[in-house]
Amino acid sequence: TFFLSFRENVVPLLRTYPFARLWVAGCSTGEEVYSLAILLAEEGLADRVRIYATDINEAVLEQARLGVFPLDKMQEYTQNYLRAGGTRSFSEYYVAKYDGALFSRGLADNVVFAQHNLVSDRSFNEFHAVLCRNVLIYFGRRLQDEVHGLLHESLVTFGVLAFALRGPGDD
């Protein structure tokens, strides 16, 4: 899985920095952000990494800030967590309330949620890793190339860019 590969290949690189910045571009409702925060906490890097989580849509950003996800998704998320090399019981990271799962507020302590348009806005920092996995599939080739350029320009030297140009199941 992506997060197992991130744990095995990117985390060792992040350990070489005294402090690292990660950008989750197009974070939507935040599932990937919380997954990343959990992974970094388990790897002892939570206090040495700031995650910038951006999206064009303020409504989904607000949902991400709240950290509440559908309770019926927790079984699927638990399986994903285990496949990603999770080291604890996934249920330790959230409480079930009001037909939803509320993730621990501490997971978002080092997360900055902000509105950003990948097509029209410019880079706003230098990052050690940029994740843009579920956005580019909605763009035509020209826009994909432009956004890829923006993401690449946002990296520090030897930074890691993780993105997808196609959707699941595409050849």
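Here we summarise the structure given alongside this text.

Here is what the cut-offs are and how they apply
- Residues numbered from 1 in each chain as written.
- Predicted model: local features only at pLDDT ≥ 70, side-chain atom pairs only at ≥ 80, totals over all residues.
- Heavy atoms only, no water.
- Helix = DSSP H or I, 4+ residues; strand = E, 2+ residues; numbered from the N terminus.
- Buried < 20%, exposed > 50% of the residue type's maximum accessible area, 1.4 Å probe, protein only.
- Polar contact = N/O pair within 3.5 Å; in protein donor to acceptor, adjacent residues only side chain to side chain.
- Expected span 1.5 Å × (residues − 1).
- Arc of directions from axis to C-beta.
- Contact = heavy atoms within 4.5 Å.
- Pairing = 2+ DSSP bridges.
- Right-handed = clockwise from strand over helix to strand, strands pointing away.

What follows deals with the side chain of Thr54. Locating Thr54 in the fold gives a position in strand 2 (residues 49-55). Note on Thr54: relative accessible area 2%, which makes it buried. Here the side chain of Thr54 touches Trp23 through a polar contact of 2.7 Å, side chain to side chain.

For helix 5 (residues 141-153), spanning 13 residues, the distance from its first C-alpha to its last is 18 Å, which sits close to the expected 18 Å at 1.5 Å a residue. Buried within helix 5 are the following residues: Gln144, Val147, Leu150 and Leu151. Seen end-on, helix 5 carries its buried residues on one side only, within an arc spanning 125°. Among the exposed residues of helix 5, those pointing more than 90 degrees away from its buried face are Arg141, Arg142, His152 and Glu153. At its buried positions, helix 5 is contacted by strand 1 (20-25), strand 7 (127-132) and strand 8 (155-163).

Our focus in this paragraph is the pairing of strand 2. By the criterion of burial, strand 2 is predominantly enclosed, with 6 of the 7 residues buried. Inspection of the sheet shows strand 1 paired to strand 2 by 6 bridges, in the parallel sense. By the bridge assignment for strand 2, Ala25 is matched with Thr54. Once the chain exits strand 1 it traverses helix 2 (residues 31-42) before rejoining the sheet at strand 2, and the crossover so formed is right-handed. With 5 bridges connecting them, strand 2 and strand 6 (residues 111-115) associate as parallel partners. In the strand pairing of strand 6, Tyr52 is matched with Val112.

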